[in-house]
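Residues per chain, in single letters:
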Amino acid sequence: MIKKKLIYNAKKVDRFLINYLKKQKKSLLSSPMKYGVISGGKKIRSTIIFDTGKLFKIKEKKLISVCAAVECIHSYSLIHDDLPCMDNDSMRRGKASTHKKFGEATAVLAGNSLLTLAFEIISGKNFLSLSQKNEIINLLSHCAGHTGIAGGQEMDLQFENKKKNLNQILNMQVKKTGKLFNFCIQSTGIIANKDKRTKIFLGKLGEEIGLLFQLADDFLDIKGSKNLVGKPTKKDKKKGKSTLINLMGYKKAYMYADKLKKKILIKLKKHGKNAKDLIDTIEFILERKF
Ligand code: GRG
């Protein structure tokens, strides 16, 4: 059921991106960009946006450009994350990583271009008002840059083979992964014209969901199958990555994640049947096999 929903939503976002790129002038980077962002990955961040949209009864045509933008940022981060100067991975989403297919320089430039494409999509012609665009662009800048995923990635790399405590690890994972989920939920609140306090609450909820997603990613590295995950597993220990599992062991880390999931679900259940889709997605996140 959830698998069907993910595929359905991913196709919608892929179609939007294909049409968007078709209308642009072609460049030497068009093909590596498409390779990096279209027809690959779960596009779960888009599903979270659509689910949150249901919570607030927002029409999908108002959300699709935000979904496309977040997938561009996410794919740029994966392209760069796979580079030899970062995590040095040759496989992603069951195929050669972008630098293996097109070369390192092209992968850097395709990643950069996906990053800027995200802002082009949000600022361009769509169903958002000018003030919503401005607020969403501001939020995305904070979530993607040095206070968000890029800053978290730097911490992740600097933490390798160092002893870090629980708060340091959580802080790094919230930045590296949680901030983009903050963006997904909070930007939907912006489109629903929510007040400032609600938007801050939504952002924090997004960060908790993102942390849960990252913890599940760490569990997959230990117990997942390479074929289902689409990338090599059992790398975190070899690379000396700072994860909750390496700090406290698998069992305790799983208990921490399960408690976090329950805390998130309590917040969502207050919203009754409108929150059903988001609740289903949260349940999937911790038990996912891909
Ligand atoms: C600024 C030069 C520069 C690089 C940035 C930001 C960054 C590099 C890397 C992001 C860090 C990163 C890869 C975090 C991990 C997040 C994560 C769990 C990724 C996997 O996400 P899924 O499972 O992937 O949603 P799919 O393939 O389904 O899209």
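Right above here is the structure, for reference.
Every value quoted in this text rests on a predicted model; they were computed, and no experiment measured them.

**Regarding the state of the cysteines**
- Overall, the coordinates contain zero disulfides when judged by the stated rule.
- No disulfide involves Cys-143; its nearest neighbouring cysteine sulfur is the one of Cys-184, lying 8.9 Å away.
- By relative accessible area, which is 2% here, Cys-143 ends up buried.
- Considering cysteine sulfurs only, Cys-67 is the nearest to Cys-184, which forms no disulfide, with 7.8 Å between them.

**Topic: the site of the ligand**
- Inspection of the region around the ligand gives 20 residues, with Lys-42, Arg-45, His-74, Tyr-76 and Arg-93 positioned closest.
- Here an oxygen atom of the ligand sits 2.7 Å away from a polar atom, N or O, in the side chain of Arg-45.
- Taking 750 Å² as the accessible area of the ligand by itself, protein coverage stands at 87%.
- More than half of the atoms of the ligand fall within 2 Å of the grid points belonging to the largest pocket.
- Secondary-structure elements contributing two or more residues to the shell around the ligand are helix H4 (64-81), helix H8 (149-158), helix H9 (166-191) and helix H10 (196-223).
- Broken down by element, the residue count for the shell around the ligand peaks at six residues, all from H4.
- Residue composition of the shell around the ligand, grouped by class: six nonpolar, seven polar and seven charged.

**Quick word on empty space enclosed by the protein**
- For the structure shown, the criterion picks out one cavity of 30 Å³ or more.
- In this structure, the largest cavity occupies an estimated 90 Å³ of space.
- Breaking the lining of the largest cavity down by element, the ones donating at least two residues are helix H2 (30-37), H4 and strand E2 (95-96).
- Tallied by class, the residues present in the lining of the largest cavity amount to four nonpolar, four polar and four charged.

**Focus on unusual backbone geometry**
- Positive phi, close to 55°, is recorded for Arg-93, a residue that is not glycine.
- You can see Arg-93 is positioned in the loop between strand E1 (91-92) and E2.
- Of the residues examined, Arg-93 reaches a relative accessible area of 24% and is grouped as partly exposed.

**Observations concerning the layout of surface pockets**
- The computed volume of the largest pocket comes to approximately 1,000 Å³.
- Every residue lining the largest pocket is counted, 49 residues in all, and those nearest its centre are Leu-78, Asp-81, Arg-92, Asp-217 and Lys-231.
- Listed by contribution, the elements that provide at least two residues to the lining of the largest pocket are helix H3 (44-55), H4, H8, H9, H10, helix H11 (226-229) and helix H12 (236-239).
- The dominant element in the lining of the largest pocket, judged by the number of residues it contributes, is H4, at seven residues.
- Of the residues that constitute the lining of the largest pocket, the class distribution is 14 nonpolar, 14 polar and 21 charged.
- Lining the second largest pocket are 15 residues, and of these Phe-16, Tyr-20, Lys-23, Lys-125 and Asn-126 lie nearest its centre.
- At the level of secondary structure, the elements contributing two or more residues to the lining of the second largest pocket comprise helix H1 (2-23) and H4.
- Sort the elements by how many residues they give to the lining of the second largest pocket and H1 lands first, with six residues.
- The class makeup of the residues in the lining of the second largest pocket is five nonpolar, five polar and five charged.

**Some remarks on the packing of aromatic side chains**
- Evaluation of the coordinates by the stated rule reveals six aromatic pairs.
- Summarising the aromatic geometry, the rings of Tyr-35 and Phe-102 are spaced 5.3 Å apart at their centres and angled 75° between planes, so their arrangement reads as edge-to-face. With a gap of 67 residues between them, Tyr-35 in helix H2 and Phe-102 in helix H5 (residues 98-102) connect regions that are remote in the sequence.
- Each ring, one from Phe-219 and one from Tyr-254, has its centre 5.5 Å from the other, and the planes form 45°; the classification is tilted. Of this pair, Phe-219 sits in helix H10 while Tyr-254 is found in helix H14 (residues 250-269), placing the two residues 35 residues apart along the sequence.

**Quick word on the nonpolar core**
- Among the nonpolar cores identified, the biggest contains 74 residues, and Ile-48, Phe-183 and Ile-209 are the most heavily contacted of them.
- Those residues in contact with Ile-48 that sit more than four places away from it in its chain are Phe-181, Cys-184, Ile-185, Ile-209, Leu-278, Thr-281 and Ile-285.

**With respect to helix H15 (residues 276-287)**
- When the terminal C-alpha atoms of H15 are compared, their 17 Å separation across 12 residues agrees well with the 16 Å that a helix rising 1.5 Å per residue should span.
- Along H15, the positions that sit buried rather than exposed are Asp-277, Leu-278, Ile-279, Thr-281, Ile-282, Phe-284, Ile-285 and Leu-286.
- As for H15, its buried residues are in contact with H1, H3, H10 and H14.

**A word on the pattern of salt bridges**
- If you walk through the whole model with that rule in mind, you get 22 salt bridges.
- With a shortest N-O distance of 3.4 Å, Lys-204 and Glu-207 are connected by a salt bridge. Note that Lys-204 and Glu-207 are positioned in helix H10 at a spacing of three residues, about one turn of the helix.
- Through salt bridges that share partners, Asp-87, Asp-156, Glu-160, Lys-176 and Lys-241 make up one connected network.

Reading the values: rules and limits
For every chain, the first residue of its written sequence is number 1, and the numbers climb from 1 along that sequence. Only residues with pLDDT of 70 or above have their local features reported here, since the model is predicted, and side-chain atom pairs are shown and tallied only from 80 upward, although totals for entire chains, interfaces and linings are computed over all residues. Calculation of side-chain values draws on the structure's entire complement of heavy atoms; hydrogens and water are dropped beforehand. Criterion for a disulfide: a pair of cysteine sulfur atoms within 2.5 Å. Burial classes follow relative accessibility: with a 1.4 Å probe on protein chains only, a residue under 20% of its type's maximum area counts as buried, one over 50% as exposed, and anything between as partly exposed. It suffices for a single heavy atom of a residue to lie within 4 Å of a molecule or strand for the residue to be listed as near it. Definition of a polar contact: a pair of N or O atoms within 3.5 Å, with one able to donate and the other able to accept a hydrogen when the atoms are protein atoms, and with sequence-neighbouring residues admitted only if both atoms are side-chain atoms. Note on areas: Shrake-Rupley, 1.4 Å probe, and residue coverage restricted to the protein chains presented here. Cavity means a closed set of points on a 1 Å grid over the protein atoms alone, one where a 1.4 Å probe fits but cannot get out, pocket means an open set with protein on both sides within 12 Å along at least 5 of 7 lines, and lining means a residue has an atom within 4 Å of a point. Whether a molecule lies in a cavity or pocket depends on its atoms, and more than half of them have to be within 2 Å of the grid points. What counts as a helix is a DSSP run of H or I of at least four residues, what counts as a strand is a run of E of at least two, and both are numbered from the N terminus. Charged residues are taken to be Asp, Glu, Lys and Arg, nonpolar residues to be Ala, Val, Leu, Ile, Met, Phe, Trp, Tyr, Cys and Pro, and polar residues to be all remaining types, Gly included. Grid points are joined across faces, edges and corners, and a volume is the space filled by probe spheres set on the points. Pairing of aromatic side chains here covers Phe, Tyr and the six-membered ring of Trp, requires ring centres within 6.5 Å, and sorts the geometry by plane angle: under 30 degrees stacked, over 60 edge-to-face, intermediate tilted. As used in this record, nonpolar core signifies buried Ala, Val, Leu, Ile, Met, Phe, Trp, Tyr and Cys residues forming a set joined through side-chain atoms within 4.5 Å. Contacts are assigned to residue pairs that have any heavy atoms within 4.5 Å of one another. Helix span, as expected, comes to 1.5 Å for every residue beyond the first. Between Lys or Arg on one side and Asp or Glu on the other, a salt bridge is scored when a side-chain nitrogen of the former is within 4 Å of a carboxyl oxygen of the latter.

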